[in-house]
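Tertiary structure, described
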Amino acid sequence: MSSVSRLVSSVCKKIIKPYSPTPISLRCHKLSYLDQMVGGIYLPLALFYPKLSNTWSNKPNNVVSQHLEKSLSKVLTNYYPFAGKLNDNISIDCNDSGVEFFITKINCPMSEIFNHPYFEKHNLVYPTEVINNQYTYEGSLAVFQLTHFSCGGIAISMCLSHKVGDGYTFGNFMNHWATIARNPLSSEIYPISPKFDGSFYFPPTKDEDSSNVSNNNIVPQREECVSKGFSISSSKLTALKARVINESKVQNPSDTEVVSAFLYQRAMATKKLVNSSSIRPSLLHQAVNLRPPLPKHTMGNIGSLFSILTKEEKEMDLAQVVSKLRKEKEEVKQKYKNAKIEELLPITLEQYRKANDLLVNNSCYDLYRFSSLITFPSYDVDFGWGKPEKVISPLSTSNPPIKNMFVLMDAKNRDGVNLTCSMKKQDMLAFERDEELLRFASPSS
């Protein structure tokens with residue numbers, strides 16, 4: 001047993017089932033084609049609440065747990081596929097078998113966990129079996145853990161199967177759950193009533209072909225990597241935007257565009273130093289949410305992607321990278337803008353094919369994947385005892401499975417952007433020492 005795992009003094013497991021039975025008409029949830037393409041990875045997120053409000057601070061641990069369990073049961077009525085069982089790569093049997101809910105105690109203050117420079121300790125707040133087997137876990141499609149610290153703080157972690165939904169689905173589930181927990185006796189209605197109708201927009205493949213549906217962009221190979229967090233303050237972000245505005249035609253660059261372009265630029269520059277050579281041709285893949293044009297209440301994997309290619313050093317200029325990103329994004333939006341329902345899947349598959357062809361035909365290219373959770377309201381998740389002090393992003397695990405993956409999130413109080421970067425060790429050593437990066441980004445504690 002490692003010194004880190006010895007900090008855990010107890011683990012209790014419960015099964016939480018939906019509060020109301022799932023109607024027979026919804027018992028078989030067909031996976032959409034995009035659901036079928038996604039690997040069986042679990043998306044993890046952890047919320048830290050170091051000090052509960054006065055109403056909750058003196059209540060026993062079991063009362064806090066019961067509060068979460070009851071509200072989780074109620075929200076599962078709306079998000080019923082998470083409480084079901086996956087049927088190969090075809091459908092989910094929404095049989096209300098429930099989700100796993102772990103309760104643990106850790107013999108140290110919370111600060112020792114989230115101020116630790118290594119991500120190994122962060123894993124203590126996640127269900128162990130899931131975080132160690134993110135691609136192969138065979139338990140419930142959603143797994144939760146409530147962690148009590150010696151200081152009185154708590155952490156709530158969630159691991160949701162990507163087969164059921166994307167980051168948007170995750171965000172709605174999390175905030176819907178918190179709304180119910182915060183107002184257990186109220187008739188307050190969450191603004192988005194979920195519908196798991198992705199297969200209507202992206203029809204699945206024939207049953208006998210479902211096991212063959214895969215895509216290198218969605219199921220990337222695992223490699224040994226290290227992960228590190230950084231933050232860019234609002235003032236530094238404003239300075240980067242000013243540089244883009246002054247040097248390009250993009251006069252309203254978004255946080256996602258500017259931060260993605262900046263990280264991509266610095267990753268390419270430092271990779272050049274590692275190899276003591278000229279710039280390596282590189283690809284930037286950016287995931288994009290398709291709500292709109294699709295309805296906001298549509299849950300599942302409802303997204304596409306676009307890519308930009310960088311072959312020469314003169315193309316690495318920040319403003320130029322942002323301009324390329326904006327151009328590609330606008331072209332993708334235009335393709336979907338007036339598309340008929342039957343055209344959505346062909347358009348999306350063409351986007352993936354183009355990105356994949358670029359990579360397959362140029363195997364020596366470096367691929368950088370970006371996923372933006374900016375505007376994802378993770379710091380607003382209030383279960384009744386206040387908002388979280390810290391949110392650990394989905395890649396904050398000891399051995400992140402995806403090389404050159406960057407996840408962007410809003411910082412607390414919308415004061416800038418938090419980032420998690422995953423790279424091979426030698427690349428990270430050069431990246432985290434890059435002077436231009438450190439002019440604008442600060443390493444997270």
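Residues numbered from 1 in each chain as written. Predicted model: local features only at pLDDT ≥ 70, side-chain atom pairs only at ≥ 80, totals over all residues. Heavy atoms only, no water.

Overview of the sheet that holds strand 6 (residues 99-106)
Sheet architecture is open: 6 strands sit in the order 1-6-7-8-3-13, paired in mixed fashion. Here the strands that pair on one side only, and so sit at the sheet edges, are strand 1 (8-16) and strand 13 (390-392). The sheet shows a mean angle of 15° between the axes of neighbouring strands, direction not considered. Its contacts with the sheet put helix 3 (residues 61-78) on strand 1, strand 6, strand 7 (142-149) and strand 8 (154-161), and the angle it makes with strand 6 is roughly 160°. (Pairing = 2+ DSSP bridges. Helix = DSSP H or I, 4+ residues; strand = E, 2+ residues; numbered from the N terminus. Axes fitted to C-alpha atoms, helices over the stretch in contact; angles between N-to-C directions. Contact = heavy atoms within 4.5 Å.)

Observations regarding the pattern of salt bridges
Enumeration over the complete set of coordinates arrives at 22 salt bridges. With its nearest N and O atoms 3.2 Å apart, the salt bridge here joins Asp380 to Arg414. With Asp380 in the loop between strand 12 (366-373) and strand 13 and Arg414 in the loop between strand 14 (405-410) and strand 15 (417-423), the pair connects residues that are 34 residues apart, well separated along the chain. The partly exposed category is assigned to Asp380, whose relative accessible area is 28%. Among the residues examined, Arg414 registers a relative accessible area of 41% and is labelled partly exposed. (Salt bridge = Lys/Arg side-chain N within 4 Å of Asp/Glu carboxyl O. Buried < 20%, exposed > 50% of the residue type's maximum accessible area, 1.4 Å probe, protein only.)

Quick notes on the pairing of strand 7
Most of strand 7 is tucked away: 8 of the 8 residues are buried. In strand 7, alternate side chains face the same way, and those of Ala142, Phe144, Leu146 and His148 on one face and Val143, Gln145, Thr147 and Phe149 on the other are all buried. Bridge count for strand 6 against strand 7 is 7 bridges, and the pairing is parallel. Bridge pairing links Ile106 to Phe149 in strand 7. Note: strand 7 against strand 8, 7 bridges, orientation antiparallel. Along strand 8, the bridge assignment pairs Phe144 with Met158.

What about the sheet that holds strand 4 (residues 85-87)?
Pairing is antiparallel across the open sheet formed by 3 strands, whose spatial order is 2-5-4. A single partner strand is all that each edge strand has here, and the edge strands are strand 2 (28-30) and strand 4. In this sheet, neighbouring strand axes are inclined to one another by 30° on average, regardless of whether the strands run parallel or antiparallel.

Some thoughts on the confidence of the model for the protein
Residues shown with low pLDDT carry predicted positions that ought not to be read at fine detail. Put simply, the protein has an average pLDDT of 86, and 88% of its residues get 70 or more. A low-confidence stretch, residues 215-219 stays under pLDDT 50, and its non-local contacts, those more than four residues away or across chains, total 17 contacts. (pLDDT = per-residue confidence, 0-100.)

Focus: the packing of aromatic side chains
All told, the structure shown has 21 aromatic pairs when counted by the stated rule. Taking 5.8 Å as the distance between ring centres and 90° as the angle between the ring planes, the aromatic pair formed by Phe230 and Phe431 counts as edge-to-face. Within this pair, whereas Phe230 is found in strand 9 (residues 226-232), its partner Phe431 is found in helix 12 (residues 425-431), the two being separated by 201 residues in sequence. Phe230 gets classed as buried once you look at its relative accessible area, which sits at 1%. Given the relative accessible area of 0%, Phe431 is considered buried. An angle of 65° between the planes, with centres 6.3 Å apart, marks the rings of Phe406 and Phe431 as edge-to-face. Taken together, the positions of Phe406 in strand 14 and Phe431 in helix 12 put the pair 25 residues apart, joining distant regions of the chain. By the burial criterion, Phe406 is buried, and Phe431 matches it. A network of ring pairs unites the aromatic residues Tyr49, Trp56, Tyr79, Tyr80, Phe82, Phe144, Phe173, Trp177, Phe196, Phe383 and Trp385 as a single cluster. The lysine or arginine in question, Lys59, covers the ring of Trp56, its NZ or CZ lying 4.4 Å from the ring centre. Across from the ring centre of Tyr19, 5.7 Å away, lies the NZ or CZ of Lys74, which sits over that ring. (Phe/Tyr/Trp six-rings, centres within 6.5 Å; stacked < 30°, edge-to-face > 60°. Lys NZ or Arg CZ within 6 Å of the ring centre and 35° of its normal.)

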